[in-house]
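Chain by chain, the residues:
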Amino acid sequence: MEFLRKSLVIAFGALSLFFAVVAVLRHFEQSGSTSSDVSTYAVEWTADFRNTAEKAGKPVFLFMCADMRALKNPEALKILRKYYTVARMNVSANPADYAVLKSVYKLGGARGEPKAAILTPELVPIVIASKFPESDTAGMPALPTTLAACAKLCKTSAEQFRKTGKRIEAKLSDDASNAPDLPKILSDGTLAMHSVWSVSEIVWLMRNSKSSEIPNALLCENARLSFAMFARSPRVTNRAIAFKAAYEIVRRLQTDKRENPLFLRALASAAMVLGDRKLTATAVAIADEILKKKGKDGLFFERMHYPVSENALMASALCYVYKASGQDRFLEAAKACMDTLTKSMSESPKALAFENSQASLEEVAFCARACADIYILNREDRFRLNTTAFLNMAYENFYHDGAFRLNSNSSPLARLARPPANKDSNMPSAEGVIAQLESDRRNLKLLDEPLFTFNVSEKISELSARNLSISPFENLGKASLRLALMPNILMK
């Protein structure tokens, strides 16, 4: 035990230098079923969990999967019951906190999906794991050994863990409050518009887009940006870039992206802007395949347990297919989907609630975007009101220190880290989506109710320009933000 303690302390000293945790175990066994003994006293991970953990004053063992063979170990169960607060996280209901834990997990160099974690009573991660072996090995202790060591470390190294928590916060939160004020020219959007009109990085991306390593949203949002540029200025150069982008989207859709809403939305955008009948026909055919899989409640891919974000993005994509084709079934499907999502989010305590959200900013922003897209197309007032509600929720729960944050201010891990949400990756940046909505609000008077807590600047570039760079290639991951400075093609 003493040897393990020294090993963990040494690991702590090394990894903390890289803003990581004491130890990162890289695999987690998933055979067998969770012990009923654990189920009887496990606490649900909710908005109140931080208070529960601090009041108990014990380290926290958190498990994030249904099946954990390691928890059948009698010695581990004995230690857990005596020395730990045991918690169970519903990953679908707490996507933002799970994203924070995954980010910390990867800071330590691990890959894959974390399945369990040990945290201090203040919820600073000590161990994030995807596997515990059944017996101690040279490189990986078994669960009983790890539990005993971490319980002891919580008492002897509390200050050290607090310092690690500060390092994690600094690494993940990217504190925007320390950012310099924008020059007036940038706030007014002049310099930002120059960045938006730069096309060199988009040309480079489309020429190298065959790489499977390019994140989905990075490709699709830059493609949509090229379509918006062409819609605004139908020059020969812009047309060539738009057609190249459309070709790359079609190529991806012919392989493994036919059920991805980002690619469908980009394809329908290209069909609208370029007026290409073949692109429209392809978008309609793919959308019809999607509709065949729609559930009775209007949600898509239920058998695959798609979360809120993908359903909202699919509703938005179907709005674009409707605009390109004029076929009502796509708009009706989008409406049914968003009616279901809005109802479930406002009622379910484990999913989204309009107060004290445990959701991620992504879910809120994408739902607002889908509701706004529907309202733009048919002016049904409930979708205007729902857009307002989601946007108010975003500002109330996720706006902090001058930027939008992935997890809400009521999240149990909010004190550990509030990651920003301003870069496109596999999903569009939530801050970019909100910037687009603010642009729509000004151009269409989409949302005429005042926000609950503060006034948003009337400058369209307020949310987006501060994130853009004079160097164009640094803006590849900011296409969603740049789209806020372009006309919304749904309004054409």
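Residues numbered from 1 in each chain as written. Predicted model: local features only at pLDDT ≥ 70, side-chain atom pairs only at ≥ 80, totals over all residues. Heavy atoms only, no water.

Notes on unusual backbone geometry
At L123, a residue that is not glycine, the phi angle is positive and equals roughly 70 degrees. Note that L123 resides in the loop between β5 (116–119) and β6 (125–129). The exposure class of L123 is buried, given its relative accessible area of 0%. Located in the positive-phi region is R379, a residue other than glycine, with phi close to 60 degrees. Summarising the element assignment, R379 is placed in the loop between α17 (361–378) and α18 (381–398). Here R379 falls in the partly exposed class, since its relative accessible area comes to 45%. (Helix = DSSP H or I, 4+ residues; strand = E, 2+ residues; numbered from the N terminus. Buried < 20%, exposed > 50% of the residue type's maximum accessible area, 1.4 Å probe, protein only.)

Notes on the packing of helix α10 (residues 200–207) against helix α11 (residues 216–232)
Between α10 and α11, the shortest axis-to-axis distance is 10 Å and the interhelical angle comes to 130 degrees. Considering the angle they form, α10 stands oblique to α11. As for how α10 packs across α11, the hand of that crossing is left-handed. Facing I202, L205 and M206 of α10, the residues of α11 in contact are L218, L219, N222, A223, L225, S226 and M229. Among the residues forming the contact of α10 with α11, the class breakdown is eight nonpolar, two polar and no charged. (Axes fitted to C-alpha atoms, helices over the stretch in contact; angles between N-to-C directions. Parallel < 35°, antiparallel > 145°, perpendicular 65-115°, else oblique. Left-handed = near helix turned anticlockwise from the far one by under 90°. Contact = heavy atoms within 4.5 Å. Nonpolar A, V, L, I, M, F, W, Y, C, P; charged D, E, K, R; others polar.)

Some remarks on helix α3 (residues 49–56)
By the burial criterion, the buried members of α3 are F49, R50 and A53. Taken down its axis, α3 places every buried residue within 100 degrees of arc, on the same side. More than 90 degrees from the buried face of α3, the exposed residues found are N51 and K55. Taken together, the buried residues of α3 touch β2 (43–44), β3 (60–63) and β4 (85–88). Immediately downstream of α3, the backbone of G57 shows phi near 70 degrees, a positive value. (Arc of directions from axis to C-beta.)

Some thoughts on the layout of surface pockets
Any empty space left between atoms is shown by rolling a water-sized probe over those atoms. Taken as a whole, the largest pocket encloses approximately 1,200 Å³ of empty space. In terms of lining, the largest pocket is formed by 34 residues, of which the most central are A99, K102, S103, E362 and L406. Looking at the lining of the largest pocket element by element, the count peaks at seven residues for helix α5 (residues 95–107). (1 Å grid on protein atoms, 1.4 Å probe; cavity = no way out; pocket = protein on both sides within 12 Å on 5 of 7 lines; lining within 4 Å. Points joined across faces, edges and corners; volume = space filled by probe spheres on them.)

Some thoughts on the pattern of salt bridges
All chains considered together, the criterion is met by 19 salt bridges. Residue E332 pairs with K335 through a salt bridge whose shortest N-O separation is 3.3 Å. Placement of the pair is E332 and K335 together in helix α16 (residues 328–347), with a separation of three residues, close to one helical turn. Take E332: its relative accessible area is 43%, and that puts it in the partly exposed class. Here R382 ties to E380 by a salt bridge, and the two come within 2.6 Å at their closest N and O atoms. Residue R382 is classed as partly exposed on the basis of its relative accessible area of 36%. Judged by relative accessible area, E380 falls into the partly exposed class, the value being 24%. It is possible to trace a salt-bridge network through shared partners that takes in E332, K335, D339, E380 and R382. (Salt bridge = Lys/Arg side-chain N within 4 Å of Asp/Glu carboxyl O.)

Observations concerning the state of the cysteines
Tallied over the entire structure, the rule returns zero disulfides. In this model C371 remains outside any disulfide bridge; the closest cysteine sulfur is found in C367, 6.6 Å from its own. Of the residues examined, C371 reaches a relative accessible area of 0% and is grouped as buried. (Disulfide = S-S within 2.5 Å.)

Quick look at the side chain of S130
Its place among the elements puts S130 in the loop between β6 and α6 (143–156). A relative accessible area of 6% places S130 in the buried class.

Notes on the pairing of β6
The buried fraction of β6 is high, at five of five residues. Bridge count between β5 and β6: four bridges; the pairing is antiparallel. Counterpart to A117 in the pairing with β6 is I128. (Pairing = 2+ DSSP bridges.)

Topic: the packing of helix α13 (residues 261–274) against helix α15 (residues 308–325)
Closest axis-to-axis distance for the α13/α15 pair is 8 Å, and the angle between their directions is 20 degrees. As the angle between them shows, α13 and α15 are arranged roughly parallel. Read as a crossing pair, α13 and α15 show a hand that is left-handed. Packed against α13, whose contacting residues are P261, L262, L264, R265, A268, S269, A271 and M272, the element α15 presents E310, L313, M314, S316, A317, L318, Y320, V321, K323 and A324 at the interface. Considering only residue class, the contact of α13 with α15 consists of 13 nonpolar, two polar and three charged.

Side note on the nonpolar core
If you look at the biggest cluster of nonpolar residues, it comprises 93 residues, and the most contacted ones within it are I249, L264, L318, M338 and L341. For this core, the element with the most residues is α17, which contributes 13 residues. Look past the residues within four positions of L264 in its chain and what remains in contact with it is L253, A283, I286, A287, M314, A317, L318 and V321. One finds W45, L62, L101 and A117 within the second-largest nonpolar core, a separate group that totals 23 residues. (Core = buried A, V, L, I, M, F, W, Y, C linked by side-chain atoms within 4.5 Å.)

Section: the pairing of β3
Across the two faces of β3 the burial is the same, with V60 and L62 and F61 and F63 all buried. Bridge analysis of β3 against β4 gives four bridges, and the strand direction is parallel. Residue V60 lies in a different strand from β4, and its bridge partner there is T85. The pairing of β3 with β5 spans four bridges and is classified as antiparallel.

Focus on the environment of V127
In this fold, V127 is placed in strand β6. Under the relative-accessibility criterion, V127 is labelled buried at 2%. Sequence spacing of V127 and T146 is 19 residues, and the spatial spacing of their C-alpha atoms is 8.7 Å.

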